[in-house]
Amino acid sequence: MLHLKRQLPYRPTERMNVVSYPIRDIVMEAKREEAKGKKMIYLNIGDPPQYGFEPFRVISDRVKGALDENWKGYAPSEGDEQLRKTVAKIEKCRPEDVFAVAGLTEGIDFFFHSFIGFGEKVLLPNPVYPLYLSKAKQFEGDSVFYRHDADGQIDVGNLAKKIEGAKAMVIINPNNPLGSVYSEKNLSEVVTLCAEYDVPIFYDGSYDQLILEGRQVDFRKIARDKIPFIYGSSLSKVFSYPGARIGWVTFHGDKWSEVKNAFFLLCNQRLSVNWEYQRAAAAAIVDPSYPAFLADMKRKLLERRDTFMKMAAKLPLSFPVPKGAFYAFMKIETTKWRKDLQFVRAALKEGVVFVPGSGFGRQEDGVYFRTTFLPEPHVIEEAFSKIRRIL
Ligand SMILES: Cc1ncc(COP(=O)(O)O)c(C=O)c1O
């Protein structure tokens, strides 16, 4: 019999105060508008299949094949052997340097959990993909932000003033939310600076093949033998298959052995990542039909980016021209809006869903919001015609 009167309230912990994900948080408000009968255009999330992009077919075919195999147990915690070997070949590292993760989301979580301690300085881009803000807070790191110039390149002078004493630097390239693609010169200068201060890099390559304009630069080539770095990517964007929840993280340089052990423990703790999708990933990333798939995806993205640019040019907005990924981070150049959330809510009333700039850590010098240009051209035209009247 339970006699004790319960003393503790059914309340979440204090830790939850720092957990947020603005890209999806705004959807709840949008759904409320939708429930009232409003048609909504969702420009908040970078989910290619949601906007008609076909996932890379080889993945689902291989999953079907894997389902017929007899193995129904857990996969190895650190990742399926075949996937680790395949990724290692591409990334020019050893299979033991590769960890399979449930989307790069989990890789980012493991990175902060294993490497960023209380009060330790981590250099983040500003603006930044919101998960990094949230993870730095959860693991009580000291987030210090580096800036970009008007073209969306890393402002190396600004970085130089902040780098001393940093435990790590995060680079997202192509960048979410800016859509910028860093040049070889820019990345080389950053690597030189990091080498000078012995600051390793966590390189988020989620969009690494989605270059719409200019040349793709291989960061691994620039950084190899100069600084230790961690490189992460996933099936979500470049294979248009976010639902697979498969990503990988690779360690480069000879200083990571203790951190890799820590990664190993974190992997053990969550047992394993879905086995069938790992097998499919191993096949997909070396499949000969992938270049044609990628070329088609880029062609469509470029067409949508150009429609977006044409529409945005008619509005009082400023932003670096997106040259990669599928986002733009826009500053409102009128004085009508004082707060990004007010503007985003007004856009909701017009039937368009954006993410407020503050969700990406940017609000001190203006009113910003992020959009994706993933939808078909006529949808982009409709969305930007709708917000024209509120800007
Ligand atoms: C920059 C960046 N990194 C990581 C992720 C996480 O992606 P996933 O967990 O689907 O691999 C995203 C998703 O939008 C992203 O934009």
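Residues numbered from 1 in each chain as written. Predicted model: local features only at pLDDT ≥ 70, side-chain atom pairs only at ≥ 80, totals over all residues. Heavy atoms only, no water.

1. A few points about the packing of helix 1 (residues 22-35) against helix 12 (residues 340-350)
Between two packed helices, both the angle of their axes relative to each other and the distance between the axes serve to describe the pair. Orientation of helix 1 relative to helix 12, taken along the N-to-C sense of each, is 35°, at an axis distance of 10 Å. For the pair helix 1 and helix 12, the crossing hand works out as right-handed. In contact with Ile26, Glu29, Ala30 and Glu33 of helix 1, helix 12 contributes Leu341, Val344, Arg345, Leu348 and Lys349. Classifying every residue of the contact of helix 1 with helix 12 by side-chain character gives five nonpolar, no polar and four charged. (Axes fitted to C-alpha atoms, helices over the stretch in contact; angles between N-to-C directions. Helix = DSSP H or I, 4+ residues; strand = E, 2+ residues; numbered from the N terminus. Left-handed = near helix turned anticlockwise from the far one by under 90°. Contact = heavy atoms within 4.5 Å. Nonpolar A, V, L, I, M, F, W, Y, C, P; charged D, E, K, R; others polar.)

2. What about the sheet that holds strand 10 (residues 327-332)?
Two strands in a sheet stick together by hydrogen bonds in their backbones, pointing the same way (parallel) or opposite ways (antiparallel). In spatial order, the strands read 9-10-13-12; together these four strands make up an open sheet with antiparallel pairing. The sheet is open, and its two borders are formed by strand 9 (317-318) and strand 12 (355-356), each paired with just one other strand. The pairing of strand 12 with strand 13 (residues 368-372) spans two bridges and is classified as antiparallel. Note on strand 13: the bridge partner recorded for Pro356 is Phe369. (Pairing = 2+ DSSP bridges.)

3. Regarding the site of the ligand
If you check the shell around the ligand, you find 14 residues, and the closest are Thr105, Asn176, Asp204, Tyr207 and Ser236. Between the ligand and Ser206 there is a distance of 3.3 Å, counted from a nitrogen atom to a side-chain nitrogen or oxygen. A distance of 2.9 Å separates an oxygen atom of the ligand from a polar atom in the side chain of Lys237. Computed on the free molecule, the ligand has an accessible area of 400 Å², of which 95% lies beneath the protein chains in the complex. (Near = heavy atom within 4 Å. Polar contact = N/O pair within 3.5 Å; in protein donor to acceptor, adjacent residues only side chain to side chain. Areas by Shrake-Rupley, 256 points an atom, 1.4 Å probe, with all protein chains shown as cover.)

4. Describing the domain arrangement of the protein chain
When its domains are assigned, the protein chain resolves into domain 1 (14-54 + 290-388) and domain 2 (75-284). Taken over C-alpha atoms, the centre of domain 1 sits 24 Å from the centre of domain 2. Across the boundary between the two partners, domain 1 contributes 38 residues, which contact 33 residues of domain 2. On inspection of domain 1 and its partner domain 2, the count reaches three salt bridges. In this structure, Arg305 engages Glu213 in a salt bridge whose closest nitrogen and oxygen atoms are separated by 2.8 Å. Taken together, the connections running from domain 1 to domain 2 amount to 16 residue pairs in polar contact (both at pLDDT 80 or more). (Domains from an automatic or database assignment. Salt bridge = Lys/Arg side-chain N within 4 Å of Asp/Glu carboxyl O.)

5. With respect to the environment of Met169
Take Met169: it is sitting in strand 5 (residues 168-172). Along the backbone, Met169 and Cys267 are 98 residues apart, and their C-alpha atoms lie at a distance of 23 Å. Residues in contact with Met169, not counting those within four places in the same chain, are Leu123, Tyr146, Ile154, Leu159, Val190, Cys194, Val199, Pro200, Ile201 and Phe202.

6. A closer look at the pattern of salt bridges
Applying the stated criterion to the full structure yields 31 salt bridges. A salt bridge links Arg57 to Asp61; its shortest N-O distance comes to 3.7 Å. In this pair, Arg57 and Asp61 are both assigned in helix 2 (residues 57-68), four residues apart and thus about one turn of the helix distant. Residue Asp61 is classed as partly exposed on the basis of its relative accessible area of 38%. (Buried < 20%, exposed > 50% of the residue type's maximum accessible area, 1.4 Å probe, protein only.)

7. Things to note about the pairing of strand 10
Two faces belong to every sheet, and in a regular strand the side chains alternate between them. In terms of burial, strand 10 is a largely internal element, five of the six residues being buried. As paired strands, strand 9 and strand 10 are joined by two bridges and run antiparallel to one another. Bridge pairing links Leu317 to Ile332 in strand 10. As defined by bridge partners, strand 10 adjoins strand 13 across five bridges and the pair is classed as antiparallel. Counted as the bridge partner of Met330 is Phe369 from strand 13.

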